[in-house]
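Residue-level listing of the chains:
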Amino acid sequence: GAVVSQHPSWVICKSGTSVKIECRSLDFQATTMFWYRQFPKQSLMLMATSNEGSKATYEQGVEKDKFLINHASLTLSTLTVTSAHPEDSSFYICSVQYSGAFTEAFFGQGTRLTVV
Amino acid sequence: KQEVTQIPAALSVPEGENLVLNCSFTDSAIYNLQWFRQDPGKGLTSLLLIQSSQREQTSGRLNASLDKSSGRSTLYIAASQPGDSATYLCAVDSWGKFQFGAGTQVVVTP
């Protein structure tokens, strides 16, 4: 399966600052990557679809100006949480979907963001 | 809108017992269903993928079934071990987007 590397695995930042999270597809070129958010004891919620070379597609209710997504190459997508607030504290996970005869999803190890 | 439900939310069994985890979805127009394992504070590990045309998939002690018409999938884990303790998530691929259930938290006691 695909190998997805996410960095950092955890980060603590002060309220009002910005944080960048990287997601790399290590063994295949991903034109599309996905960003999810997971609150404690809850499921993963799709935030946005990252498209290489074009604008990301955001799910309803996700602020595109707060969660900036850049997909500048076929192996790297970044999520920047701007002007972070404590309510942004969550677990952020990226995913790639390998589409052959069927589509299978592979996930990074996640980033635990804590805003203090 | 696709909704995915997992029952039970939590499960505790003694080592050696078989585990049965349930996943239901509201829209039967799916491409695939995938089961994942998530350890605390970690990402997701893919366990099994069932294509919409398949009825089941097996890998070692794991077996997953799919009944599209009734909107159900079941993950069976035989002869559970303490190392099986984790949260198990099912995800349905509908129209290219994965919709997740809230997961079943499993504890296997020695």
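Located above this text is the structure these notes cover.
With that out of the way, let us pick up the overall build of chain A. Looking only at helices and strands, chain A features 0 helices and 11 strands. Listing each helix as α and each strand as β along chain A from the N terminus yields β-β-β-β-β-β-β-β-β-β-β. Expected size for 116 residues packed as a compact globule is a radius of gyration near 13 Å; at 13 Å, chain A falls within 12% of this value. Along the first, second and third principal axes, the C-alpha atoms of chain A reach 45 × 30 × 25 Å. At a minimum sequence separation of 6, the contacts of chain A that also span at least 24 residues come to 52%.

From N to C terminus, chain B includes 0 helices and 11 strands. Reading chain B from its N end, one meets helices and strands in the order β-β-β-β-β-β-β-β-β-β-β. Relative to the 2.2 N^0.38 estimate, which gives 13 Å for 110 residues, the radius of gyration of chain B is 13 Å and therefore close to what a compact globule would have. For chain B, the spread of C-alpha atoms along the principal axes amounts to about 40 × 25 × 20 Å. Sequence-distant contacts in chain B: of pairs separated by 6 or more residues, those separated by 24 or more amount to 53%. When the accessible surface of chain B is summed, it comes to about 5200 Å², and 49% of that surface belongs to carbon and sulfur atoms. Looking at chain B, you have 8 positive and 9 negative side-chain charges, and the mean spots of the two groups are 5 Å apart.

Attention shifts here to the environment of Lys66 of chain A. All names here are of chain A. In this structure, Lys66 sits in the loop between strand 6 (57–58) and strand 7 (67–73). Residues Lys66 and Ser83 lie 17 residues apart in sequence; the distance between their C-alpha atoms is 7.2 Å. Setting aside residues no more than four positions away along its own chain, Lys66 makes contact with Thr80, Val81, Thr82, Ser83, Ala84, His85 and Asp88. At 2.9 Å, the side chain of Lys66 forms a polar contact with the side chain of Asp88.

All names here are of chain B. Taken in spatial order, the 5 strands make up an open sheet running 1-3-8-7-6, and their pairing is antiparallel. Edge positions in the open sheet fall to strand 1 (4–7) and strand 6 (56–59), since each of these has one partner strand only. Each neighbouring strand pair of the sheet contributes to a mean axis angle of 15°, computed without reference to strand direction.

Moving on: the state of the cysteines. A full pass over the atoms with the stated rule returns 2 disulfides over all chains. Here Cys23 of chain A is linked by a disulfide to Cys94 of chain A, with a sulfur-sulfur distance of 2.0 Å. Looking down the S-S bond of the Cys23 of chain A and Cys94 of chain A bridge, the torsion is 80°, so its handedness is right-handed. Here Cys23 of chain A is found in strand 3 (residues 19–25), whereas its partner Cys94 of chain A is found in strand 9 (residues 90–99), with 71 residues between them in sequence. You can call Cys23 of chain A buried: its relative accessible area is 0%. On the basis of relative accessible area, Cys94 of chain A is assigned to the buried category, the value being 0%. Residue Cys23 of chain B pairs covalently with Cys90 of chain B via a disulfide, S to S 2.0 Å. Judged by the sign of its S-S torsion, about 70°, the bond between Cys23 of chain B and Cys90 of chain B is right-handed. Residue Cys23 of chain B is found in strand 3 (residues 19–25), and its partner Cys90 of chain B is found in strand 9 (residues 86–94); the two are separated by 67 residues along the sequence. Given the relative accessible area of 2%, Cys23 of chain B is considered buried.

What counts and how
Residues numbered from 1 in each chain as written. Chains lettered and ligands numbered in written order. Predicted model: local features only at pLDDT ≥ 70, side-chain atom pairs only at ≥ 80, totals over all residues. Heavy atoms only, no water. Helix = DSSP H or I, 4+ residues; strand = E, 2+ residues; numbered from the N terminus. Rg over C-alpha atoms; globule rule 2.2 N^0.38 Å. Contact = heavy atoms within 4.5 Å. Areas by Shrake-Rupley, 256 points an atom, 1.4 Å probe, with all protein chains shown as cover. Lys, Arg positive; Asp, Glu negative; His and termini not counted. Charge placed at Lys NZ, Arg CZ, Asp CG, Glu CD. Polar contact = N/O pair within 3.5 Å; in protein donor to acceptor, adjacent residues only side chain to side chain. Pairing = 2+ DSSP bridges. Axes fitted to C-alpha atoms, helices over the stretch in contact; angles between N-to-C directions. Disulfide = S-S within 2.5 Å. Buried < 20%, exposed > 50% of the residue type's maximum accessible area, 1.4 Å probe, protein only.

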